[in-house]
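Residues per chain are reported as follows:
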Amino acid sequence: MLDMSLSWMELMARGAIVYFVLLVMIRISGKRTVGQFTPFDLLVIMLLSEAVSNSMSGGDESLLGGLILAATLIVLNFTIGLVTSRSHKIADLVDGTAELVGRDGVIFKDRLARARVGMADLEQALREADCDLSEMKCAFLEADGSISILKK
């Protein structure tokens, strides 16, 4: 149960590598990946975690190995949070920034398409803001994948 087949340093290195590679992959995949989850998105996240689990553990199924991996991921997450809270440039790199997708009642469809956001999502955000398209001053696709609407 506590007998590990890999060294603790290798487990930590594997956990760190998978963490950073997944961070980059999720950032590249776009804002909507981290926004509101559809059942398809949830399925992809669950399968992604299963796909990388063996990469992290390297076949080590010990309790101690799992705890070392969990601690490594938590420490990395804490560290990234600390670094992004102190550096605006790193925060923009890791978290992303808001993108203007509409102004003065005009929707920038090319930006929506590039971010893989459907017009239906924007229309829903307008309804939630109780705002007609003609009343819209700005529409932003936030870093977390949500859409913010500012009225005139």
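Above this note sits the structure.
Quick look at the structure, then. (Residues numbered from 1 in each chain as written. Predicted model: local features only at pLDDT ≥ 70, side-chain atom pairs only at ≥ 80, totals over all residues. Heavy atoms only, no water.)

**Notes on the overall build of the chain**
In terms of regular secondary structure, the chain is built from 7 helices and 4 strands. Listed by position from the N terminus, the elements making up the chain come as α-α-α-α-α-β-β-α-α-β-β. For the chain, with 152 residues in total, the buried portion stands at 30%. Counting only contacts in the chain whose residues sit at least 6 apart along the sequence, the fraction spanning at least 24 positions is 66%. (Helix = DSSP H or I, 4+ residues; strand = E, 2+ residues; numbered from the N terminus. Buried < 20%, exposed > 50% of the residue type's maximum accessible area, 1.4 Å probe, protein only. Contact = heavy atoms within 4.5 Å.)

**Some thoughts on helix α4 (residues 63-86)**
With 24 residues, α4 should reach 34 Å at 1.5 Å per residue; the first-to-last C-alpha distance of 35 Å fits that figure. All of the buried residues along α4 are G65, I68, L69, T72, L76, I80 and T84. (Expected span 1.5 Å × (residues − 1).)

**Let's talk about a nonpolar patch on the surface**
Among the surface-exposed residues, W8, M9 and M12 lie close enough to one another that they form a single nonpolar patch of about 330 Å² accessible area. One can find W8 in helix α1 (residues 8-29). (Patch = residues over 30% accessible without salt bridge, like charges linked within 9 Å, V, L, I, M, F, W, Y side chains within 5 Å. Areas by Shrake-Rupley, 256 points an atom, 1.4 Å probe, with all protein chains shown as cover. Salt bridge = Lys/Arg side-chain N within 4 Å of Asp/Glu carboxyl O.)

**Regarding unusual backbone geometry**
Its identity is not glycine, yet D104 carries a phi of approximately 50 degrees, on the positive side. Despite not being glycine, D130 shows a phi value in the positive range, around 50 degrees. Turning to its location among the elements, D130 is positioned in the loop between α7 (119-128) and β3 (136-141). Judged by relative accessible area, D130 falls into the exposed class, the value being 60%.

**Digging into the pattern of salt bridges**
Per the stated rule, a full pass over the model turns up 2 salt bridges. The closest approach of N and O atoms between E10 and R14, which form a salt bridge, is 3.0 Å. One end of the pair, E10, and the other, R14, are both in helix α1, 4 residues apart, so they sit about a helical turn from each other. Given the relative accessible area of 27%, R14 is considered partly exposed.

**Some points on the pairing of strand β4 (residues 147-151)**
Looking at chain direction, β3 and β4 are connected through 5 bridges and run antiparallel. Paired with L141 across the bridge in β4 is I147. Hairpin connection, β3 to β4: the antiparallel pair is bridged by 5 residues, and G145 has positive phi, about 95 degrees. (Pairing = 2+ DSSP bridges.)

**Some words on the environment of T79**
With respect to the element layout, T79 can be found in helix α4. Exposure remark for T79: the relative accessible area of 34% places this residue in the partly exposed category. A polar atom in the side chain of T79 sits 2.7 Å from the backbone oxygen of V75. (Polar contact = N/O pair within 3.5 Å; in protein donor to acceptor, adjacent residues only side chain to side chain.)

**Here we look at the pairing of strand β1 (residues 99-103)**
In terms of burial, β1 is a largely internal element, 4 of the 5 residues being buried. Pairing between β1 and strand β2 (residues 106-107): 2 bridges, direction antiparallel. Considered in β2, the bridge of G102 is made with I107. Counting the residues that bridge the hairpin from β1 to β2 gives 2 residues, and of these D104 lies at a positive phi of roughly 50 degrees.

**Some details on α7**
Of all the residues in α7, the buried ones are L122, A125 and L126. Projected down its long axis, α7 carries its buried residues within an arc of 100 degrees, all on one side. Of the exposed residues in α7, those oriented more than 90 degrees away from the buried face are A120, R127 and E128. The elements touched by buried residues of α7 are β1, β2, α6 (109-114), β3 and β4. (Arc of directions from axis to C-beta.)

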